[in-house]
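# Secondary and tertiary structure notes
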Amino acid sequence: MPPRALAPAPAPTASPAATIRSVPAPAGARFFLAVVGGAGWLVGIAVASAVDAGPGFWLLMAAAALAGAAALWRVGRVGLLLAGAAALALGGARLAAAQPSIDAGALAFYNGQTGVEVRGQVIAEPERRDTSLRLRVAARAVVLDGRTRPVAGVVTVQTHRYPAVDYGATVSLRGDLEPLDALGSAGFAAYLERQGVASVMAYPDVTVLATDGGSPLRRALLAIRARGRITLAALLPEPQASLLTGILLGDDSGLPRTTADAFQATGMTHVIAISGFNIALIVALLDRLTAPLLPRRSGALVIILFLAFYTLLVGAAPSVVRAAIMGSAYLIGLRLLGRPTWALAGLFVAAFFMTLLNPNTLWDVGFQLSFAATLGLMLYATPWLRRLDRGTEALLGPEAARPIRRLLGEAVVVSLAAQVLVVPLLLYHFGRLSLASLPANLLVLPAQPAVMASGGAALFAGLLLPAAGRVVAVPAWLFLTYTLAVIDRLASAPWASVPLRLSGPGLVAAYAVIGALTLLATRDRDTDRTLAARWRLRPVPLVALGGAAVVVVLAVAWWAERPDGRLHVAFLDVGQGDAIFIQSPGGAQVLIDGGRYPSVLLERLGEQMPFWDHSLDLVIATHPDDDHVAGLPEVVARYDVAQVITNGATADDAPAYQRL
């Protein structure tokens, strides 16, 4: 199975202010070329994966189709279809050209060798989990039987969490070099293969030969990201800190397993996995911030530059890249060129450029779900909202129908529009249908703009002045706690998700049915209208009401969490190992041991301590075994610990204890 990553998810529902407007294309075949050509290109890549043919075969097909398209272009649909066929053939040629060759200069050639030494460089940010570290290493040489052979290829390495290895380090790996099948998960092996990974090594001897390699820009971005992660950890308890880190920085590695599973069961992982939803909110927030300060064109340039920086900062996952390209295209067309872009064409253009760089992006689940969700919003949201308008007005009248339309339109209809094309993919990839997804979207998504705004403000303030950051983080804590409470309650329901899997042919059949129904329903569409024109909020009463609610909640939280003059002893469920939390009658706090898993320990501490409390009076490590101390280094890193007591054992053979 893959490292404990949340299943990539779509960007289903954005607020009206953050929704990118879709403008109908003018009549004429040339205006549909981007959509037909983009679709043909993607289909060609998929078809080529099942056809054993070289680039020459596909290029000959493309040449013939292009000649026909040029000759028959004025015929209209015939020329357009031939252009789509040419794009299909070019997509097939691109995938065929990307297939690697296995020879003595390829790392995969040596798969199955035992006791081999691989030398190379860490080319991605290490994935840190509770007990392990996953590295992605670009091999430069293989040492076998005393001979050094230059090679090229990428190996994924599972190793111990300590000592830490950073991006850019040159390492020597001594162990067994295995094919990807050794992972025991065909799906994960296929995922890695399409990302260019050829081999796997499990717990080899790792020696760091040099540091500070790789791209200086990438190192700088990772340093900023790490600083942001540390800042959020200092401002908020767990799991709120890890949730906000995932939402803002795209790093969900610290999220406890139970919390990750709850988001998975409710189909709400799109809240954490940065994609179109997050990018749309960022564009809307920055637009409001820059509008009073900069001219429209200058503001658009600032937002585009920030999107590029943010995309690189959070790791440039396919869903983020797609969303950033579309957001930038929208701003360029509307602000710089003076006309809105045709969003549907922009979506296919973004997909084309991403798969042109790496055709295997097509099989990235995050890319698929994000693309499907965005396409669903463009195709279905506006006509369904029009139907809702007509139906409620006919049934209740214009005045009585208005509040119902506002509630159901954003919370239900737009969410359903995003899910139409996503659900078949979820059933195909994960084999589960989330019945809690709709109520979860209804309850959670309205709070997410506030989460991003208040969380971003807290992060910025915390970077400048930690004390101010803790004050600014209070609203973020409230919205994050609300989000977690809703997700936890819905995930615990027995009907939250049910097993249901689609096969490959079933997936094709599902989309065929959806496509046929969509074509039938498009016969009576009216002219598009934007969602933003329907939503009017009065900001002053809303801010006053929200501020009053925040004050009341904080007062209740403070009253409930203050010392009550009693001794409290909590035996924390931290999985493997022991951890005991003690609070004295006067409020002094003691932690004895921490179990094996840092993320679980931090979550349990977050349940026991007030969210504003970032200090411990005493931490006791009874002995250096991992099941007692492996969770403690993260506690000492995040909390202001006044004193640590150990039994005086040496740390030579216990990396976690040495880290503590």
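Residues numbered from 1 in each chain as written. Predicted model: local features only at pLDDT ≥ 70, side-chain atom pairs only at ≥ 80, totals over all residues. Heavy atoms only, no water.

### Here we look at the overall build of the protein
- Summing up its helical and strand segments, the protein has 23 helices and 16 strands in all.
- Within the span of the protein, comprising 660 residues, buried residues form 47% of the whole.
- Summed over all atoms, the accessible surface of the protein reaches about 31,200 Å², with 63% contributed by carbon and sulfur. (Helix = DSSP H or I, 4+ residues; strand = E, 2+ residues; numbered from the N terminus. Buried < 20%, exposed > 50% of the residue type's maximum accessible area, 1.4 Å probe, protein only. Areas by Shrake-Rupley, 256 points an atom, 1.4 Å probe, with all protein chains shown as cover.)

### Focus: the nonpolar core
- In this structure, L236, L243, I247, F263 and M268 are the most contacted members of the largest nonpolar core, which totals 53 residues.
- Of all the elements, helix α17 (residues 466-491) adds the most residues to this core, at 9 residues.
- Apart from residues lying up to four places away in sequence, M268 is in contact with F263, S437, A440, N441, V444, L445 and I487.
- Membership of the second largest hydrophobic core comes to 37 residues, among which are I45, A48, A87 and A372. (Core = buried A, V, L, I, M, F, W, Y, C linked by side-chain atoms within 4.5 Å. Contact = heavy atoms within 4.5 Å.)

### A closer look at the environment of G254
- Its place among the elements puts G254 in the loop between α6 (240-249) and α7 (257-265).
- Overall, the relative accessible area of 24% leaves G254 in the partly exposed class.
- In the structure, G254 is positioned 16 residues away from E238 in sequence and 9.0 Å away in space, judged by C-alpha atoms.

### Side note on the packing of aromatic side chains
- Per the counting criterion, the structure on display carries 9 aromatic pairs.
- For the pair F57 and W58, a centre-to-centre distance of 5.3 Å together with 75° between the ring planes defines the contact as edge-to-face.
- By relative accessible area, F57 is classed as partly exposed at 43%.
- Linked through ring pairs, W41, F352 and F353 together constitute an aromatic cluster.
- Residue placement shows R218 over the ring face of Y167; its charged tip is 5.3 Å from the ring centre. (Phe/Tyr/Trp six-rings, centres within 6.5 Å; stacked < 30°, edge-to-face > 60°. Lys NZ or Arg CZ within 6 Å of the ring centre and 35° of its normal.)

### A short note on the environment of I282
- Structurally, I282 is set in helix α8 (residues 276-290).
- On the accessibility criterion, I282 (9% relative accessible area) is buried.
- The spatial distance from the C-alpha of I282 to the C-alpha of L307 is 8.4 Å, given a sequence separation of 25 residues.
- With sequence-adjacent residues up to four places away left out, I282 is seen in contact with F306, L307, Y310 and M452.

### Some details on a nonpolar patch on the surface
- Where nonpolar side chains cluster on the molecular surface, the patch consists of V43, V47 and V51 and spans about 190 Å² of accessible area.
- Locating V43 in the fold gives a position in helix α1 (residues 33-48). (Patch = residues over 30% accessible without salt bridge, like charges linked within 9 Å, V, L, I, M, F, W, Y side chains within 5 Å. Salt bridge = Lys/Arg side-chain N within 4 Å of Asp/Glu carboxyl O.)

### Focus on the pattern of salt bridges
- The final tally for this structure, using the stated rule, is 10 salt bridges.
- Residue E634 pairs with R161 through a salt bridge whose shortest N-O separation is 2.9 Å. Taken as a pair, E634 in helix α22 (residues 632-638) and R161 in the loop between β4 (147-160) and β5 (170-175) lie far apart in primary sequence, 473 residues in all.
- Residue R161 is classed as buried on the basis of its relative accessible area of 13%.
- One salt bridge in this structure joins R229 and D251, with 2.7 Å as the shortest N-O distance. With R229 in helix α5 (residues 216-235) and D251 in the loop between α6 and α7, this pair connects stretches of sequence that are 22 residues apart.

### What to know about the confidence of the model for the protein
- Taken as a whole, the protein shows an average pLDDT of 80; of its residues, 85% reach a score of 70 or greater.
- Below a pLDDT of 50 lies the segment residues 1-29, which in the model reaches 103 contacts outside its immediate sequence neighbourhood of four places, other chains included.
- In the model, residues 524-540 has pLDDT below 50 throughout and makes 31 contacts with residues more than four positions away in sequence or in other chains. (pLDDT = per-residue confidence, 0-100.)

### Some thoughts on helix α3 (residues 77-97)
- End to end, α3 covers 30 Å across 21 residues, agreeing with the expected 30 Å (1.5 Å per residue, within 8%).
- Along α3, the positions that sit buried rather than exposed are G79, L80, A83, G84, A86, A87, A89, G91, G92, A93, L95 and A96.
- Elements in contact with the buried residues of α3: α1 and α2 (55-71). (Expected span 1.5 Å × (residues − 1).)

### As for helix α18 (residues 504-521)
- For α18, with 18 residues, the first-to-last C-alpha span of 26 Å sits near the 26 Å given by 1.5 Å per residue.
- Buried within α18 we find G506, L507, I514 and T518. Looking straight down α18, one finds that the buried residues subtend no more than 110° of arc, so they occupy a single side. Across from the buried face of α18, at angles greater than 90 degrees, the exposed residues are P505, V508, L519 and L520. (Arc of directions from axis to C-beta.)

### Side note on empty space enclosed by the protein
- All told, the structure shown has 3 cavities of 30 Å³ or more when counted by the stated rule.
- Quantified by volume, the largest cavity comes out at close to 50 Å³.
- A233, L236, P237, E238, L602, F611, D613, H614, R638 and Y639 are the residues that line the largest cavity.
- Here the residues of the lining of the largest cavity sort into 6 nonpolar, 1 polar and 3 charged. (1 Å grid on protein atoms, 1.4 Å probe; cavity = no way out; pocket = protein on both sides within 12 Å on 5 of 7 lines; lining within 4 Å. Points joined across faces, edges and corners; volume = space filled by probe spheres on them. Nonpolar A, V, L, I, M, F, W, Y, C, P; charged D, E, K, R; others polar.)

### Considering unusual backbone geometry
- The step from Y162 to P163 runs through a cis peptide bond, and the omega angle for that step is -5°.
- By secondary structure assignment, the location of P163 is in the loop between β4 and β5.
- Here E238 and P239 are connected by a cis peptide whose omega angle stands at 5°.
- With respect to the helices and strands, the residue P239 is situated in the loop between α5 and α6.
- Look at D145: it is not a glycine, yet its phi comes out positive at around 55°.

### Some details on the side chain of S454
- Along the chain, S454 falls in helix α16 (residues 448-464).
- Classification of S454 by relative accessible area gives buried; the value is 12%.
- There is a polar contact of 2.5 Å between the side chain of S454 and the backbone oxygen of A450.
- When residues no more than four places from it in sequence are discounted, the contact partners of S454 are V472, P475, A476 and F479. (Polar contact = N/O pair within 3.5 Å; in protein donor to acceptor, adjacent residues only side chain to side chain.)

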